[in-house]
Amino acid sequence: MSEYRAITITQGSGGFGGPLTVEPKEGKDVLLYITGGGAEPDILPKIVELTGCRPVNGFKTSVPEEEIFLVIIDCGGTLRCGIYPQKRIPTININPVGKSGPMAKYITEDIYVSGVKNDNIALADGSAAPISEAAPAKEEKIRKAKEAMSKKEGSLASKVNMVSEFNKRNEK
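Before going into details, it helps to say that this report is about the structure given with it.

**Topic: the sheet that holds strand β1 (residues 7–9)**
- The sheet built from 3 strands is open, its strands ordered β2-β1-β8 with antiparallel pairing. In the strand order of this sheet, the two ends are held by β2 (20–22) and β8 (121–123), each with one partner. Adjacent strand axes in the sheet meet at a mean angle of 25°, parallel and antiparallel pairs treated alike.
- Of the strands in this sheet, β1 and β8 are in contact with helix α1 (residues 44–51), which crosses β8 at around 10°.

Laid out in structure tokens, this is it:
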């Protein structure tokens with residue numbers, strides 16, 4: 001069982017709708033994205049990391065609607081903008097498009113938000129995002145790089161390392 005967290009999504013520059021506060025739950029944890037021929041939108045990793053949801057590419061896989069807690073689209077203002085709001089499924093449009101197209105009447109501020117970028121997504125409780133798993137790996141990379149530099153003969157780092165080793169041996 002995953003730990004799910006709620007997020008709040010606000011409209012981006014020139015956008016419409018929202019803010020939306022959404023949270024996946026057991027059995028309703030799919031983040032469906034139907035964008036650019038199946039390309040992952042830039043906001044996908046942040047939403048997945050913050051919420052703990054399961055991302056699904058809607059161009060490659062279908063899922064029952066009752067499992068979808070949120071949809072990401074990149075519609076310029078025709079049909080896709082209104083399909084999921086019509087079904088009352090919270091919808092993010094990464095394009096800054098408001099009420100438009102044949103399904104405009106279903107595009108309402110309480111179920112749809114557009115023009116969304118990473119800066120428009122935050123944990124609903126206002127706390128900071130959890131620290132990514134990548135942070136320790138980055139620190140390890142830096143440590144290894146420093147070690148490698150200190151082993152290069154003649155470098156300042158190697159001389160500092162030699163003095164440090166000398167001092168350690170003479171402390172006893």
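**Quick notes on the sheet that holds strand β3 (residues 30–34)**
- Sheet architecture is open: 5 strands sit in the order β4-β3-β5-β6-β7, paired in parallel fashion. Sheet topology places β4 (54–57) and β7 (112–114) at the edges, where each strand pairs with a single neighbour. Between one strand and the next, the sheet's axes are offset by a mean angle of 20°, whatever the strand orientation.

**As for the packing of aromatic side chains**
- As enumerated under the stated definition, the model contains 1 aromatic pair in all.
- Plain terms: the ring middles of Phe16 and Tyr112 are 6.2 Å apart, the flat faces sit at 45° to each other, and that makes the pair tilted. Pair noted here: Phe16 is in the loop between β1 and β2 and Tyr112 is in strand β7, with a separation of 96 residues, a long-range link. Each member of the pair, Phe16 as well as Tyr112, carries the same accessibility label: buried.

Cut-offs and rules
- Residues numbered from 1 in each chain as written.
- Predicted model: local features only at pLDDT ≥ 70, side-chain atom pairs only at ≥ 80, totals over all residues.
- Heavy atoms only, no water.
- Pairing = 2+ DSSP bridges.
- Helix = DSSP H or I, 4+ residues; strand = E, 2+ residues; numbered from the N terminus.
- Axes fitted to C-alpha atoms, helices over the stretch in contact; angles between N-to-C directions.
- Contact = heavy atoms within 4.5 Å.
- Phe/Tyr/Trp six-rings, centres within 6.5 Å; stacked < 30°, edge-to-face > 60°.
- Buried < 20%, exposed > 50% of the residue type's maximum accessible area, 1.4 Å probe, protein only.

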